[in-house]
Amino acid sequence: MHAELQLDNQICFRLYTATRLITQAYTPMLTELGITYPQYLVLMVLWEKDCQPVNDIAHRLMLETNTVTPLLQRMEKLGIVSRKKGEQDKRQQIVSLTEKGRDMEEEAYKLIPAGMGEKLKACPLKIEDYTHLASELDSIIETLKK
């Protein structure tokens, strides 16, 4: 057996498992908000800067437009976002938060940081460890994007 092919030696398996478990930990809080994790990601992008083209949202989330579009359609049906044609380029779709979508930011703020903090309190990592981990993951992401 090649050591490079053993599951316990794979960083990708650890990243995959951590991602899956983190998303699972978010689920009860997001269910309370009535949204999914991918919808939460879109909302965070729009809370940072409202009224964005679909392409910009997809780019920020490192996803293809054809992945984001059905997600936005479902969010529009929920009354969280609205979509309209761009004023300068009619082919462009501009996504905006509705009042409900804007109000969800405060609800999410009350639920999610404290909820995730509670779930991770037994983890021995300190705040600076998370900051360092985020930086290291950013390096991996940037390298693999090329």
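The paragraphs below set out a description of the structure included in this document. (Residues numbered from 1 in each chain as written. Predicted model: local features only at pLDDT ≥ 70, side-chain atom pairs only at ≥ 80, totals over all residues. Heavy atoms only, no water.)

What to know about the packing of aromatic side chains
Stage number 1. The full count for this structure, using the stated rule, is four aromatic pairs.
Stage number 2. Between Y40 and W47, the ring centres sit 6.3 Å apart and the planes meet at 70 degrees, which makes this aromatic pair edge-to-face.
Stage number 3. These aromatic residues form a ring-pair network of at least three members: Y26, Y37, Y40 and W47. (Phe/Tyr/Trp six-rings, centres within 6.5 Å; stacked < 30°, edge-to-face > 60°.)

Concerning the pattern of salt bridges
Stage number 1. Enumeration over the complete set of coordinates arrives at five salt bridges.
Stage number 2. Residue R83 is joined to E76 by a salt bridge in which the shortest nitrogen-to-oxygen separation is 2.9 Å.
Stage number 3. By relative accessible area, R83 is classed as partly exposed at 25%. (Salt bridge = Lys/Arg side-chain N within 4 Å of Asp/Glu carboxyl O. Buried < 20%, exposed > 50% of the residue type's maximum accessible area, 1.4 Å probe, protein only.)

Quick word on the nonpolar core
Stage number 1. If you look at the biggest cluster of nonpolar residues, it comprises 28 residues, and the most contacted ones within it are I35, Y40, V42, L43, I57, M75 and I112.
Stage number 2. Looking at this core, the elements with two or more residues in it are α1 (11-33), α2 (37-48), α3 (54-61), α4 (65-77), β3 (93-97) and α5 (99-120).
Stage number 3. Of the residues forming this core, the biggest block, six residues, is contributed by α2.
Stage number 4. Leave out the neighbours within four places in its chain, and I112 touches Y26, M29, L30, L33 and Y40. (Core = buried A, V, L, I, M, F, W, Y, C linked by side-chain atoms within 4.5 Å. Helix = DSSP H or I, 4+ residues; strand = E, 2+ residues; numbered from the N terminus. Contact = heavy atoms within 4.5 Å.)

Regarding a nonpolar patch on the surface
Stage number 1. A cluster of nonpolar side chains, contributed by I11, L15, I140 and L144, occupies part of the molecular surface with about 390 Å² of accessible area.
Stage number 2. At the level of secondary structure, the elements contributing two or more residues to the nonpolar patch comprise α1 and α6 (127-145).
Stage number 3. Locating L144 in the fold gives a position in helix α6. (Patch = residues over 30% accessible without salt bridge, like charges linked within 9 Å, V, L, I, M, F, W, Y side chains within 5 Å. Areas by Shrake-Rupley, 256 points an atom, 1.4 Å probe, with all protein chains shown as cover.)

Details of the side chain of Q10
Stage number 1. Summarising the element assignment, Q10 is placed in the segment before α1.
Stage number 2. A distance of 3.3 Å separates the side chain of Q10 from the backbone oxygen of Q6, its partner in a polar contact.
Stage number 3. Not counting residues up to four positions away in its chain, the partners in contact with Q10 are E4 and L5. (Polar contact = N/O pair within 3.5 Å; in protein donor to acceptor, adjacent residues only side chain to side chain.)

Things to note about the environment of K119
Stage number 1. Among the structural elements, K119 can be located in helix α5.
Stage number 2. Given a relative accessible area of 45%, K119 falls into the partly exposed group.
Stage number 3. As a C-alpha pair, K119 and Q88 span 31 residues in sequence and 46 Å in three-dimensional space.

With respect to the pairing of β3
Stage number 1. The buried fraction of β3 amounts to four of the five residues, a majority that puts the element mostly inside the structure.
Stage number 2. With two bridges joining them, strand β1 (residues 52-53) and β3 adopt antiparallel strand pairing. Across the sheet, residue Q52 finds its bridge partner in β3, namely V95.
Stage number 3. The pairing of strand β2 (residues 81-85) with β3 spans five bridges and is antiparallel. Along β3, the bridge assignment pairs R83 with V95. (Pairing = 2+ DSSP bridges.)

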